[in-house]
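# Descriptive analysis of the structure
Next come the chains, spelled out residue by residue.
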Amino acid sequence: DVKVTQSSRYLVKRTGEKVFLECVQDMDHENMFWYRQDPGLGLRLIYFSYDVKMKEKGDIPEGYSVSREKKERFSLILESASTNQTSMYLCASSGGEWGNEQFFGPGTRLTVL
Amino acid sequence: GESVGLHLPTLSVQEGDNSIINCAYSNSASDYFIWYKQESGKGPQFIIDIRSNMDKRQGQRVTVLLNKTVKHLSLQIAATQPGDSAVYFCAGIPTGTASKLTFGTGTRLQVTL
């Protein structure tokens with residue numbers, strides 16, 4: 001059974017803290033993605049990666065950075081968390097038959113106080 | 001750029017009836033579309049996909065129809081069941097953007113008994 005796991009389901013941090021969200025996939029997928037999901041806005045792409053050590057900005061990269069040192073792991077970093085980064089964060093990976101179906105993790109609900 | 005949206009934020013359907021969830025997109029040069037289902041507290045799950053060279057694709061109890069003339073996509077669920085209650089997203093990949101999906105805002109399907 002294919003799996004995308006995220007390090008935490010719920011996280012509470014304070015303004016200004018550095019936050020790491022980890023994502024691991026066991027499908028040997030080339031592509032990995034980080035989204036945030038907010039009510040009424042759907043899923044918005046923050047960053048994605050096509051290969052190890054490669055990264056591309058998505059639609060809303062400001063305030064975030066990413067790291068992909070190994071193929072199976074993609075980390076999202078909030079250098080200095082702010083209250084407007086309170087959200088649900090979803091990680092996904094792809095590399096299927098058409099190379100496009102994305103498999104999602106369960107999400108991390110981050111609250112920044 | 002690509003814009004993908006959904007027609008209704010909420011759809012209420014009686015158990016056993018067929019459901020039709022609609023989606024419009026703006027970029028006629030889109031290669032590929034996916035429908036995702038997201039249950040409460042979980043990440044989105046793939047339901048069915050369709051390439052732009054197809055008009056229709058069928059899965060188990062689900063059918064996706066693509067009308068490129070009016071840039072419209074629909075998901076039909078036959079004999080809707082309580083377990084179908086979820087938020088449904090359509091997502092598209094514009095030509096030339098590899099695996100980068102653009103998501104709509106979602107329709108919440110409520111199945112009444």
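This text goes with the structure placed above it.
Every value quoted in this text rests on a predicted model; they were computed, and no experiment measured them.

### Considering the overall build of chain A
Helices and strands together make up the secondary structure of chain A, namely zero helices and eleven strands. For chain A, the α and β elements follow one another from N to C terminus as β-β-β-β-β-β-β-β-β-β-β. The C-alpha radius of gyration of chain A comes to 13 Å, within 12% of the 13 Å expected for a compact globule of 113 residues. The principal-axis extents of the C-alpha atoms in chain A amount to approximately 40 × 30 × 25 Å. Scored against the burial criterion, the 113 residues of chain A give a buried share of 50%. Counted over contacts in chain A with a minimum sequence separation of 6, partners at least 24 positions apart contribute 55%. Surface summary for chain A: the accessible area is close to 5,500 Å², and the carbon and sulfur share equals 49%. Across chain A, the mean location of the 15 positive side-chain charges is 8 Å away from that of the 16 negative side-chain charges.

### Notes on the pattern of salt bridges
Residues and elements named next belong to chain A. Under the defined criterion, the tally for this structure stands at eleven salt bridges over all chains. Put simply, Glu69 and Lys53 hold a salt bridge, and the shortest N to O gap is 2.4 Å. With Glu69 in strand β7 (residues 65–70) and Lys53 in the loop between β5 (42–49) and β6 (56–57), this pair connects stretches of sequence that are 16 residues apart. Side by side, Glu69 and Lys53 carry an identical accessibility label, which is exposed.

### Description of the interface of chain B and chain A
Think of interface size as the accessible area that goes away when the parts come together; that is how it is often given. Contacts between the two partners involve 24 residues from chain B and, on the opposite side, 23 residues from chain A. Of the roughly 1,700 Å² buried at the junction of chain B and chain A (both faces included), carbon and sulfur atoms supply 57%. In this structure, the connection of chain B to chain A is made through zero salt bridges. In this structure, the connection of chain B to chain A is made through three residue pairs in polar contact (both at pLDDT 80 or more). Taken together, the elements giving at least two residues each to the side of chain B that touches chain A come down to β4 (30–38), β5 (45–51) and β9 (86–94) of chain B. Split by residue class, the side of chain B that touches chain A holds twelve nonpolar, seven polar and five charged.

### Observations concerning the side chain of A:Ser65
Locating A:Ser65 in the fold gives a position in strand β7. At 3.4 Å, the side chain of A:Ser65 forms a polar contact with the side chain of A:Glu79.

### Quick look at the nonpolar core
Residues and elements named next belong to chain A. By size, the foremost hydrophobic cluster in this structure holds 21 residues, and its most contacted members are Trp34, Ile46, Leu76, Leu78 and Tyr89. For this core, the elements supplying multiple residues, two or more each, are β3 (19–25), β4 (31–38), β5, β8 (73–78), β9 (87–94) and β11 (108–112). In this view, Ile46 contacts Trp34, Tyr35, Arg36, Lys57, Gly58, Asp59, Ile60, Pro61, Tyr64, Leu76 and Tyr89; residues no more than four positions away in its chain are not counted.

### Looking at the sheet that holds β3(A)
All names here are of chain A. With antiparallel pairing, four strands are arranged side by side in an open sheet as β1-β3-β8-β7. Of all strands in the sheet, those with a lone pairing partner are β1 (4–6) and β7, marking the two edges. Within this sheet the neighbouring strands show an average axis-to-axis angle of 20°, counted without direction.

### What to know about unusual backbone geometry
Residues and elements named next belong to chain A. In this structure, Asp28 is a non-glycine residue whose phi angle is positive, near 60°. Mapped onto the secondary structure, Asp28 falls in the loop between β3 and β4. Unusually for a residue other than glycine, Lys53 sits at a positive phi of about 65°. Classification of Lys53 by relative accessible area gives exposed; the value is 60%.

What counts and how
- Residues numbered from 1 in each chain as written.
- Chains lettered and ligands numbered in written order.
- Predicted model: local features only at pLDDT ≥ 70, side-chain atom pairs only at ≥ 80, totals over all residues.
- Heavy atoms only, no water.
- Helix = DSSP H or I, 4+ residues; strand = E, 2+ residues; numbered from the N terminus.
- Rg over C-alpha atoms; globule rule 2.2 N^0.38 Å.
- Buried < 20%, exposed > 50% of the residue type's maximum accessible area, 1.4 Å probe, protein only.
- Contact = heavy atoms within 4.5 Å.
- Areas by Shrake-Rupley, 256 points an atom, 1.4 Å probe, with all protein chains shown as cover.
- Lys, Arg positive; Asp, Glu negative; His and termini not counted.
- Charge placed at Lys NZ, Arg CZ, Asp CG, Glu CD.
- Salt bridge = Lys/Arg side-chain N within 4 Å of Asp/Glu carboxyl O.
- Buried area = accessible area lost by both parts, 1.4 Å probe.
- Polar contact = N/O pair within 3.5 Å; in protein donor to acceptor, adjacent residues only side chain to side chain.
- Nonpolar A, V, L, I, M, F, W, Y, C, P; charged D, E, K, R; others polar.
- Core = buried A, V, L, I, M, F, W, Y, C linked by side-chain atoms within 4.5 Å.
- Pairing = 2+ DSSP bridges.
- Axes fitted to C-alpha atoms, helices over the stretch in contact; angles between N-to-C directions.

These figures come from the coordinates and say nothing about function on their own.
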